[in-house]
Amino acid sequence: MAVPRSTWIAGAVAVTAAVAAVVLWRDNVALREAAGAQAIAARAEPAAAAPVDPWLVRPSAPAAGAGAEGAARPLNGPSLPPAPPPESRLDRRVRRTDELAAMFARLDGETDAEFQARLGAMIGLFLDRPRASAAEMRREAFARAGVTPAQGEAIDAELARVYDEVIDYADAAIASGEVSPYQRNLPGLLEFAGGLGGLLREAETSIGGVLSPTQRQALYDAGFDWGEYLGVAAPWERVRPPPPR
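All figures in this text were calculated on a predicted structure; none of them were measured in a lab. (Residues numbered from 1 in each chain as written. Predicted model: local features only at pLDDT ≥ 70, side-chain atom pairs only at ≥ 80, totals over all residues. Heavy atoms only, no water.)

## Description of the overall build of the protein chain
Helices and strands together make up the secondary structure of the protein chain, namely eight helices and zero strands. Each helix and strand of the protein chain, ordered N terminal to C terminal, gives the series α-α-α-α-α-α-α-α. Burial status across the protein chain gives 24% buried among its 245 residues. When contacts within the protein chain are restricted to residue pairs at least 6 apart in sequence, long-range pairs at least 24 apart make up 68% of them. (Helix = DSSP H or I, 4+ residues; strand = E, 2+ residues; numbered from the N terminus. Buried < 20%, exposed > 50% of the residue type's maximum accessible area, 1.4 Å probe, protein only. Contact = heavy atoms within 4.5 Å.)

Below is the structure:
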């Protein structure tokens, strides 16, 4: 018959406690014997003065009438440097701006091809997994909606046209400084996001023309979102580098 798990757990706890009790008892006996031997030796001859550890010397309280010199006597040994002040939210914002500039700005003497290769490596690091997840969601949603291979090819052709428009729009915003890695420009980013949202809405409309109303509803019911898919799957590696600083 198998032993219940609660039984062998309780047994293991009991054995562990018993072993610990025996070890502690033996240590206690050994400590008592050592203390007794030290007491006998101390009565037989005076003990030598133990060396003073300078790290354990505390400043003595100033005597009555002592001036500031007695009260300010420091500890022996070197003192630790003061802790750096915590980073404020403004300091953190400046640091992140510098980090973005280091990642997405054109380096000194960097060509367009070198910039795009470096950008592609960073984008792959951040988007490889989301892109794989988006492709799997598209495959599953298309299967639920009954999207045919011919419809899939027509959608891919429409996506290629949309991607060209999105990259051209991003290149123009970067060239004009509306989106820049060198400085914070929240109004420019909001304008860029608004225009990008308009392009994605137009893409959804054009893609929707390939599908029937029933298929579009089936994609929606499956949780598939074209805006999310387009934002992740767009070939951002093709974006041109910003102008030099």
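## Thoughts on the nonpolar core
Soluble globular proteins: nonpolar side chains tend toward being buried together. The biggest cluster of nonpolar side chains holds 35 residues, and the ones touching the most others in it are Trp226, Tyr229 and Trp236. Looking at this core, the elements with two or more residues in it are helix H4 (112–145), helix H5 (149–176), helix H6 (186–208) and helix H8 (226–233). Apart from the residues within four sequence positions on either side, tyrosine 229 is in contact with Ala134, Ala135, Arg138, Leu159, Tyr163 and Phe224. (Core = buried A, V, L, I, M, F, W, Y, C linked by side-chain atoms within 4.5 Å.)

## Side note on empty space enclosed by the protein
Scanning the entire structure with this criterion turns up one cavity of 30 Å³ or more. For the largest cavity, the calculated volume is near 40 Å³. The set of elements that each furnish at least two residues to the lining of the largest cavity consists of H4 and H8. Tallied by class, residues from the lining of the largest cavity come to four nonpolar, one polar and two charged. (1 Å grid on protein atoms, 1.4 Å probe; cavity = no way out; pocket = protein on both sides within 12 Å on 5 of 7 lines; lining within 4 Å. Points joined across faces, edges and corners; volume = space filled by probe spheres on them. Nonpolar A, V, L, I, M, F, W, Y, C, P; charged D, E, K, R; others polar.)

## Some points on the environment of alanine 132
Within the secondary structure, alanine 132 sits in helix H4. Residue alanine 132 is classed as partly exposed on the basis of its relative accessible area of 48%. Spatially, the C-alpha atom of alanine 132 lies 9.1 Å from that of alanine 233, the residues being 101 residues apart in sequence.

## Observations regarding the packing of H5 against H8
In contact at an axis separation of 11 Å, H5 and H8 are set at 60° when each is read in the N-to-C sense. Crossing geometry of H5 relative to H8 is assigned as right-handed. Where H5 approaches H8, its residues Ile155, Leu159 and Tyr163 are matched on the opposing element by Trp226, Tyr229, Leu230 and Ala233. Of the residues belonging to the contact of H5 with H8, the class tally is seven nonpolar, no polar and no charged. (Axes fitted to C-alpha atoms, helices over the stretch in contact; angles between N-to-C directions. Left-handed = near helix turned anticlockwise from the far one by under 90°.)

## A few points about the pattern of salt bridges
Using the criterion set out here, one finds 12 salt bridges in the structure. Taking the shortest distance from any N to any O, the salt bridge between glutamate 237 and arginine 131 comes out at 2.7 Å. Placement of the pair is glutamate 237 in the segment after H8 and arginine 131 in helix H4, with a sequence separation of 106 residues. Ionic pairing is found between aspartate 156 and arginine 138, a salt bridge with its closest N-O pair at 2.8 Å. With aspartate 156 in helix H5 and arginine 138 in helix H4, the pair connects residues that are 18 residues apart, well separated along the chain. Exposure remark for aspartate 156: the relative accessible area of 38% places this residue in the partly exposed category. (Salt bridge = Lys/Arg side-chain N within 4 Å of Asp/Glu carboxyl O.)

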